[in-house]
Amino acid sequence: MIKKKDIYDRIVHELSIYVNDLEVKAENNLLDDNVFSEDFIKDLLNACLGWNLINLNTETNRFPGIDLGDKERSIGVQVTSTKTSKKVLDSLDKIVSNNVDKDYNEIYFFILGRKQNSYSVDFAQYNTLDCSESNIWDVSDIIAWCAHYDSVHMDQVWNVIKREILIENEKSGIPIEIKKGILELKNSIHKVFATSNQLLQTHYAPGKYIEEVNKSLGELDQMLPYLDEITYFACKEILENGLELEKALQPQNKWEWNIEAKCYYIMYKILVEKNLQEASELIVDDIPGLQNGIDIVIDGNSLFDRLIKLKIDEDILYRQFSVMKFQKVIEESILRKCNKCMIVFSKDNIYYNKDLIYQIEAEGIPVIVLESRSQCIGFVCQQIRRTFELVLVSTSEDLVSKVSLEKDNYYLYTVSFENDLPKQFSTIFFSRGDITSMGLNHCFNYNECKTVNIKDITDAIYKDMLSNANDCISHQLRVDWSGDVYLSTIMGAEEIDDIKFRWESWDAGKGYAGPRAASNHEYVKQSVASLKKCWEDGVRGYCDYYAIL
């Protein structure tokens, strides 16, 4: 616990210095480092939220209005030191007028400095975009998120900040594009490192280079900030050549990281020995190819049975659950990209629902509907025999026990919710991804929470408000003087001039909001009763509504 507090204090200290430094430079029109900050913010958000943002400005200026993007999640981020409402409006206009919203329609703004207390922007007019005032962030938001992270997650964020500090402290005359490239190399190294460590924890030890690569990655990570231009470009060329080689070779090996990892090993040898001739010989060695992805087969009946056992109401599941987002969470949990995903249902199961099928198909996910459970099991086993490795999302013993009989013929990942895989199967499979409550929150679609007058509020309306409030974000329930009730992402005592009363802030990840909270009928009922009693009793200012129950 002391270590966690120490790391958090360091995060707060360094980010506070970072913000103050940016604001001083902005006041004196010294904004050169803002370009370099794009990569720092990219790494911070990736570490905090599990996204896979890339810097869109490093290639071409094809996406006006945003600087960072995660194409698979359709997320775009504008990084700016201009915090005004006009800047937000101008960026949104650019995104729409240049059709950027076709690739990136979930838009966020990250203010380099301190954001305004409020923004006068009519987000509703941008109906092709998923954006609201709560999507405008600054460093204070990252600090608030970190306060609720566990020690492992907090360490990941601190490592990103620490790398930035190291690069800042060791700056020389290297051009800014080179500095940005070095940060990209470091980011890639950490991904390879994470993957190889994950593989080392499994039943198999792939590749004779794994120990050497892991050792060299750690040392290479420390060396990168000291690169001169010539060495940087040599490393960049080797990595690019290796990735081109990967595309050209016929897939022969299942480990996705092998070629890239070996390229980094070659780069390490360059930095240590400065021997370009040896590096040139190494790169033309016979390096096995690899598969680009992995198949995911979802046992639909089992999946929704498990979600309902987690006490999520069926109406919320069928309305808000996204298989496409679920697929991305699976990929993050097993550190692998997926090649394709399909979901299988049998009609003889109580969780078979036509509306749900239509919703899943609308997301572009192939749905296989069969008459009976036995046909489902047969279909899944057939898919397994056709692929070398895949992910199976199921905890149904009838299916898991059947596929386990053929475990020597393929590599099978299984995915559990909060460690609910049957214990007798926990050691059978190659690897297992575990989806925690926070990961589960990312599997739902969230709409903007509606404002409802207190005279009209019911348990059903309040339930809908809660289910559309992402528990990954902090909220506060507020009631203004006219009786309008809404969930605000502005915390504490900020911007409360028009507020009659407000409840205690709901910290992110604590289960006060989101689909699981909305499915707790007693919690919803008591909350509505407390809300109405606060209004009837003329409560003003801050109140802890639990005290009124």
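Each chain has its residues counted from 1, following the order in which its sequence is written. Totals for whole chains, interfaces and linings use every residue, but because this is a predicted model, local features are given only for residues with pLDDT of at least 70 and side-chain atom pairs only at 80 or more, for both listing and counting. Derived side-chain values reflect all non-hydrogen atoms in the structure, with water molecules and hydrogen atoms excluded from consideration.

Caption draft 1: Layout of the sheet that holds strand β13 (residues 476–480). One open sheet holds the 5 strands; their spatial order is β12-β14-β13-β15-β16, and the pairing between them is mixed. Here the strands that pair on one side only, and so sit at the sheet edges, are β12 (452–453) and β16 (541–543). Whether two strands pair comes down to DSSP finding at least two bridges between them. Helical segments are the DSSP runs of H or I of at least four residues, strand segments are the runs of E of at least two, and each set is numbered from the N terminus. Direction of pairing for β12 relative to strand β14 (residues 484–488): antiparallel, over a ladder of 2 bridges. Bridge assignment links Val452 to a residue of β14, and that residue is Val485. Each of β12, β13, β14 and β15 (499–503) is contacted by helix α18 (residues 459–467), which is oriented at about 20° to β14, the strand it contacts most. Any two residues whose heavy atoms approach within 4.5 Å at even a single point are treated as in contact. Helix axes are fitted to C-alpha atoms over the stretch in contact, other axes to C-alpha atoms as well, and angles between N-to-C directions run from 0 to 180 degrees.

Caption draft 2: Spatial organisation of the pairing of strand β6 (residues 294–299). Between buried and exposed lies partly exposed: a residue is buried under 20% and exposed over 50% of the maximum accessible area for its type, with that area taken using a 1.4 Å probe on protein chains only. Along β6, 6 of the 6 residues are buried, which leaves the element largely enclosed by surrounding structure. In this structure, β6 lies alongside strand β7 (residues 338–346), joined through 6 bridges in parallel fashion. Bridge pairing links Asp299 to Val344 in β7.

Caption draft 3: Just the confidence of the model for the chain, in detail. Overall, the predicted model of the chain reaches an average pLDDT of 77, with 66% of residues at or above 70. Averaged pLDDT values for the elements of the chain fall to 43 in helix α10 (residues 276–283) and rise to 95 in α18. Of the regions scoring below 50 in pLDDT, residues 203–209 engages in 10 contacts with residues more than four places distant in sequence or in other chains. pLDDT measures how confident the predictor is about each residue, on a scale from 0 to 100.

Caption draft 4: Representation of the pairing of β14. Of the strand pairs in this sheet, β13 and β14 are connected by 4 bridges, and their pairing is antiparallel. Bridge assignment links Gln476 to a residue of β14, and that residue is Ser488. The hairpin turn running from β13 into β14, its antiparallel successor, is 3 residues long, and Gly483 in that turn takes a positive phi close to 95°.

Caption draft 5: Representation of the nonpolar core. Nonpolar cores were defined as sets of buried Ala, Val, Leu, Ile, Met, Phe, Trp, Tyr and Cys residues, with membership established by side-chain atoms within 4.5 Å. Among the nonpolar cores identified, the biggest contains 61 residues, and Phe304, Phe321, Phe326 and Ile343 are the most heavily contacted of them. With 5 residues, the single largest contributor to this core is helix α20 (residues 521–536). Listed in part, the 34 residues of the second largest apolar core include Ala47, Trp51, Ile143 and Trp145.

Caption draft 6: Highlighting the environment of Ser118. With respect to the secondary-structure elements, Ser118 resides in the loop between β4 (106–111) and β5 (136–137). For Ser118, a relative accessible area of 38% gives the class partly exposed. Along the sequence, Ser118 and Thr84 sit 34 residues apart, while their C-alpha atoms lie 9.5 Å from each other. Residues in contact with Ser118, not counting those within four places in the same chain, are Glu133 and Glu495.

Caption draft 7: Structural detail: unusual backbone geometry. Of note in this structure, Ser74 is not a glycine but carries a positive phi near 60°. Mapped onto the elements of the fold, Ser74 is located in the loop between β2 (68–70) and β3 (75–80). Positive phi values are uncommon outside glycine, yet Lys311 reaches one of about 65°.

Caption draft 8: Local environment of the side chain of Ser488. Note that Ser488 resides in strand β14. For Ser488, a relative accessible area of 7% puts it in the buried group. Among the polar contacts made by the side chain of Ser488, one reaches the main-chain amide nitrogen of Ile490 at a distance of 2.9 Å. Side-chain atoms alone can form a polar contact between residues adjacent in sequence; in general such a contact is a pair of N or O atoms within 3.5 Å, and within protein one must be able to donate a hydrogen while the other accepts it.

Caption draft 9: A look at helix α14 (residues 354–362). All buried positions along α14 are accounted for by Leu356, Ile357, Gln359 and Ile360. One side of α14 holds all its buried residues, which, seen down the axis, span an arc of 165°. Those residues of α14 that are exposed and angled more than 90 degrees off the buried face are Lys354, Asp355, Tyr358 and Ala362. Just downstream of α14 lies Gly364, where phi reads positive at about 85°. Directions drawn from the helix axis to the C-beta atoms are what define this arc.

Caption draft 10: Structural detail: helix α16 (residues 397–404). Of the positions making up α16, those classed as buried are Leu399, Val400, Val403 and Ser404. Down the axis of α16, the smallest arc covering the buried residues is 125°, so these residues share one side.

Caption draft 11: Looking closely at the pattern of salt bridges. What counts as a salt bridge is simple: a side-chain nitrogen of Lys or Arg found within 4 Å of a carboxyl oxygen of Asp or Glu. The final tally for this structure, using the stated rule, is 15 salt bridges. The salt bridge involving Asp141 is made with Lys115; its shortest N-O contact spans 3.0 Å. Linking Asp141 in helix α4 (residues 139–146) with Lys115 in the loop between β4 and β5, this pair joins segments that are 26 residues apart in sequence. Among the residues examined, Lys115 registers a relative accessible area of 26% and is labelled partly exposed. Each member of the salt-bridge network shares a partner with another, and the members are Asp39, Lys42 and Asp43.

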